[in-house]
Amino acid sequence: MTSGHPGGPRLTAPPGTPGEIAGIGVHHPRTRVGNAEIAARLHVDEQWITSRTGVQGRHRAEDCEPLERMAAEAAQDALLVAGTNAADLDCVILATITNPQQTPAVAARVAATIGARAAAFDLAAACAGFCHGLEVARSLIAAGTARSVLVIGADRMLDIVDPDDPGTAPLFGDGAGAALVRAAHECGIGPVAWCADGTRADALETRPTLNDSSGKSRPYLRMQGTAVARWAIANAAAAARRAMDVAGVEWADLHAFVPHQANQRLTETLVRLLDMPAHVAVADDIRVSGNTSGASVPLAVYALRADGRLPANGLALLVGFGAGMSCAAQVVRIP
Amino acid sequence: MADLTLAALQEIIDSAIPEWGTTLTPENADLPFEELGVDSLALIETADRLQERYAVPIPDAAVDDLRTPRLTLAFVNAALARQP
């Protein structure tokens, strides 16, 4: 295995000013929900949940922990680690699909809370949102539009998950993660490999819509498990290979593989399809956090760094995939 | 293209689940895949490989109907028989 930067492998830099991740922050809501509670409501065995999903528990945000607060906590954490002042931010991007309001964007509130006088907007690409956000941040820096961009992924998935649906209720959790992306001398964020396929949009969507006047239920996430898993397996694996290719790295250069934490079994399938060598640490934060949608990739990166499986300045292959269907992958250096 | 046999299906599932260790026989071919240790993700992989190797379309909805080895053989071989 190659050692981390400096002296380690370099990423093929896209044109323009290079960008790098300077700090990652996270926020877990205080309340922990074990599988026993979920299993009892669904009338299933706890073992049924762990063996199918790998999820051993998840965090649930209470009323006093709104989305904007979770996002702001993670953001402040990332700023602190990066040694950056909120006042110096040029842009705040919040990847989320659980804004309880159609408008305004949560990002503007988050920017105000942390004391940023920056452009701020939400980005809706579900579980691929954080990786989309990284690419938008990288592009803004490459073009000279921004020098310092905060990318946050935050979701209160339990707001939109039907607690009586055995297909989704065991999987999801609430959380937030953030990365401070800034202009750098050397490339720390490789070119993106991304795609979308709206022909499969109905495989994972909230229903009913705002325009549905039947009023039978609040909007809940509805998932066609087979269709979603099939799309994810094919497209996440392809995006992972393409991201490595365009970044000019091989498995020997990589320290960690961080797929969106959708389901531990799905992660294991991807690892096998990609013929991943054993030295690459594989993110498994789904066990602790469940599927937190936009927050899942930064939470999983943070967990790998915190327990030392990912060394400082190691290279990680990130792959976000989810509703849309949408997918985005890139190789990044994690400080 | 030759018909899909239990032996050929065995080979495909073996590649999807390296540590599978089950042998398909006419006796267990009507058992649900789940009881044979083939979970939904392994079945998706199996469907993808069958689709590729036998050049028959297996839509997402059809994957959910491939509940046993025999139903899988029947689906693929019926699709092969329809081919010109």
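Use the structure listed above.
As the structure is a computational prediction, the values presented were derived from the model and not from experiment.

Draft legend 1. Structural context of the side chain of Asn 35 of chain A. Residues and elements named next belong to chain A. You can see Asn 35 is positioned in helix α1 (residues 35-42). Its relative accessible area of 4% is what places Asn 35 among the buried residues. A polar side-chain atom of Asn 35 sits 2.7 Å from the main-chain carbonyl oxygen of Val 55. Leave out the neighbours within four places in its chain, and Asn 35 touches Glu 46, Ile 49, Thr 50, Val 55, Gln 56, Gly 57 and Arg 58.

Draft legend 2. Spotlight on unusual backbone geometry. At the junction of Thr 103 of chain A and Pro 104 of chain A, the peptide bond is cis and its omega measures out at 5° in the coordinates. With respect to the helices and strands, the residue Pro 104 of chain A is situated in the loop between β4 (91-95) and α4 (106-114). Note the cis peptide between Gly 324 of chain A and Met 325 of chain A, where omega equals -15°. Within the element layout of this structure, Met 325 of chain A appears in the loop between β13 (314-322) and β14 (326-334). Its identity is not glycine, yet His 43 of chain A carries a phi of approximately 60°, on the positive side. Of note, His 43 of chain A is situated in the loop between α1 and α2 (46-53). A positive phi angle, close to 50°, is found at Ala 55 of chain B, a residue other than glycine. The topology assignment puts Ala 55 of chain B in the loop between α2 (40-54) and α3 (60-63). The exposure class of Ala 55 of chain B is exposed, given its relative accessible area of 52%.

Calculation criteria
- Residues numbered from 1 in each chain as written.
- Chains lettered and ligands numbered in written order.
- Predicted model: local features only at pLDDT ≥ 70, side-chain atom pairs only at ≥ 80, totals over all residues.
- Heavy atoms only, no water.
- Helix = DSSP H or I, 4+ residues; strand = E, 2+ residues; numbered from the N terminus.
- Buried < 20%, exposed > 50% of the residue type's maximum accessible area, 1.4 Å probe, protein only.
- Polar contact = N/O pair within 3.5 Å; in protein donor to acceptor, adjacent residues only side chain to side chain.
- Contact = heavy atoms within 4.5 Å.

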